Amino acid sequence: MTVHLEVADGVGTLRLDRPPMNALDIATQDRLKELAEEATRRDDVRAVVIYGGEKVFAAGADIKEMQVMDHAAMITRARALQDSFTAVARIPKPVVAAVTGYALGGGCELALCADFRIAADNAKFGQPEILLGLIPGAGGTQRLSRLVGPSKAKDLIFTGRQVKADEALTIGLADRVVPAAEVYEQAHAWAARLAKGPAIALRAAKEAIDTGLETDIETGLAVERNWFAGLFATEDRERGMRSFVEEGPGKAKFV
């Protein structure tokens, strides 16, 4: 298999495993969707790390596979391609991308599906599809512009240039830059911390933020309002407030 789901202590690691560059061929895309949906369903997965290994995150699509596809074939495949990445973006739990080496094309688009991106100091991001006479097709035109703003997204997509870790941090494409040897450790620590948090409240926060980004503010406020009120029915809310009153902030243990 080219993608694995490894679970320990509430953290599920979606590990890309297609050496040498983790090219995202059709089989890998389909496996990614399957495991993202499994991570969504499993109660023992409370947060997720996306990781490509010590050397490379993912260097894009399998160009040799795509080269032989004609227009009719890609009309059929394009939706499945997007669906595989959307399955990752829709995981209703905290998701962090641990990015080492290249995150190009589909690799960059996969990192964009995470809630948080921790990049190695040797990481390089980019959407080079324009150099092939194409545009990003797995969400890059939409998720990149929402993350870094339209002008920066257009610069990267129009030119196809690669962005080193320090620039990625500056423009908001990466959220933290660390030595390459520490990327997975820090990403796992981020996920493990949240895996101990209130699962339903975390799901509510993610859905409210993501929905708000995709719609008008009134709809977003309605989603927030409904989740906020609904959380008063959860045991975690009772535990959190009782702990705050009796012990002070930050000491609650959630179920």
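Engineer: If you had to explain the sheet that holds strand 6 (residues 116–120) to someone new, which residues and values would you point to?
Structural biologist: Taken in spatial order, the 6 strands line up as 1-2-3-4-6-9 in an open sheet, and their pairing is mixed. Strand pairing shows two members of the sheet lacking a second neighbour, strand 1 (3–8) and strand 9 (176–178), which therefore form its edges. Here the strands of the sheet are splayed against their neighbours by 20 degrees on average, with no regard to which way each runs. Bridge count between strand 4 (residues 95–99) and strand 6: 4 bridges; the pairing is parallel. Bridge pairing in strand 6 links Val-96 to Phe-116. Seen against the sheet, helix 1 (residues 26–41) touches strand 1, strand 2 (11–16) and strand 3 (47–51) and runs at an angle of roughly 20 degrees to strand 1.

Engineer: Run through the packing of aromatic side chains, naming residues and quoting values.
Structural biologist: On inspection of all chains with the given rule, the structure shows 3 aromatic pairs. Ring geometry for Phe-116 against Trp-190: centres 5.2 Å apart, planes inclined by 10 degrees, an arrangement best described as stacked. Linking Phe-116 in strand 6 with Trp-190 in helix 8 (residues 183–195), this pair joins segments that are 74 residues apart in sequence. For the pair Phe-116 and Trp-190, one class covers both residues: buried. Judged by centre distance (5.6 Å) and plane angle (75 degrees), the rings of Phe-228 and Phe-232 are edge-to-face.

Engineer: So what's going on with the packing of helix 5 (residues 140–148) against helix 6 (residues 150–159)? Residues and values would help.
Structural biologist: Interaxial distance between helix 5 and helix 6 falls to 7 Å at its minimum, and their mutual angle equals 135 degrees. In terms of their interaxial angle, helix 5 and helix 6 are classed as oblique. Note on packing geometry: the crossing formed by helix 5 with helix 6 is right-handed. Residues Gly-140, Thr-141, Leu-144, Ser-145 and Val-148 of helix 5 lie in contact with helix 6, whose contacting residues are Pro-150, Lys-152, Ala-153, Leu-156 and Ile-157. Broken down by class, the residue content of the contact of helix 5 with helix 6 amounts to 6 nonpolar, 3 polar and 1 charged.

Engineer: Give a description of helix 10 (residues 217–230) that names residues and reports values.
Structural biologist: Because an α-helix packs 3.6 residues into every turn, residues spaced three or four apart end up facing the same way. An ideal rise of 1.5 Å per residue puts 20 Å on 14 residues; helix 10 measures up with 20 Å between its terminal C-alpha atoms. If you check the start of helix 10, you find a side-chain oxygen 3.1 Å away from the backbone N of Glu-218, and it comes from Asp-216.

Engineer: If you had to explain a nonpolar patch on the surface to someone new, which residues and values would you point to?
Structural biologist: A cluster of nonpolar side chains, namely Ile-63, Leu-132 and Leu-134, defines an oily patch on the protein surface of about 260 Å² accessible area. In this fold, Ile-63 is placed in helix 2 (residues 63–67).

Engineer: Go over the sheet that holds strand 5 (residues 102–104) with me, naming the residues and quoting the values.
Structural biologist: Spatial ordering of the open sheet is given by 5-7-8, a layout of 3 strands whose pairing is mixed. Of all strands in the sheet, those bounded by a partner on one side alone are strand 5 and strand 8 (162–164). The sheet shows a mean angle of 20 degrees between the axes of neighbouring strands, taken without regard to direction. Taken together, the 3 bridges between strand 5 and strand 7 (residues 124–126) define a ladder with parallel strand orientation. Among the inter-strand pairings, Leu-104 is bridged to a residue of strand 7, identified as Gly-126.

Engineer: Run through unusual backbone geometry, naming residues and quoting values.
Structural biologist: Cis peptide bonds are those with omega within 30 degrees of zero, and the linkage from Pro-19 to Pro-20 qualifies with 5 degrees. Here Pro-20 lies in the loop between strand 2 and helix 1. The phi dihedral of Asp-9 falls on the positive side, at around 55 degrees, and the residue is not glycine. Checked against the element boundaries, Asp-9 lands in the loop between strand 1 and strand 2. In this structure, Asn-22 takes a positive phi of about 55 degrees despite not being glycine.

What counts, and at which threshold
Residues numbered from 1 in each chain as written. Predicted model: local features only at pLDDT ≥ 70, side-chain atom pairs only at ≥ 80, totals over all residues. Heavy atoms only, no water. Pairing = 2+ DSSP bridges. Helix = DSSP H or I, 4+ residues; strand = E, 2+ residues; numbered from the N terminus. Axes fitted to C-alpha atoms, helices over the stretch in contact; angles between N-to-C directions. Contact = heavy atoms within 4.5 Å. Phe/Tyr/Trp six-rings, centres within 6.5 Å; stacked < 30°, edge-to-face > 60°. Buried < 20%, exposed > 50% of the residue type's maximum accessible area, 1.4 Å probe, protein only. Parallel < 35°, antiparallel > 145°, perpendicular 65-115°, else oblique. Left-handed = near helix turned anticlockwise from the far one by under 90°. Nonpolar A, V, L, I, M, F, W, Y, C, P; charged D, E, K, R; others polar. Expected span 1.5 Å × (residues − 1). Polar contact = N/O pair within 3.5 Å; in protein donor to acceptor, adjacent residues only side chain to side chain. Patch = residues over 30% accessible without salt bridge, like charges linked within 9 Å, V, L, I, M, F, W, Y side chains within 5 Å. Areas by Shrake-Rupley, 256 points an atom, 1.4 Å probe, with all protein chains shown as cover. Salt bridge = Lys/Arg side-chain N within 4 Å of Asp/Glu carboxyl O.

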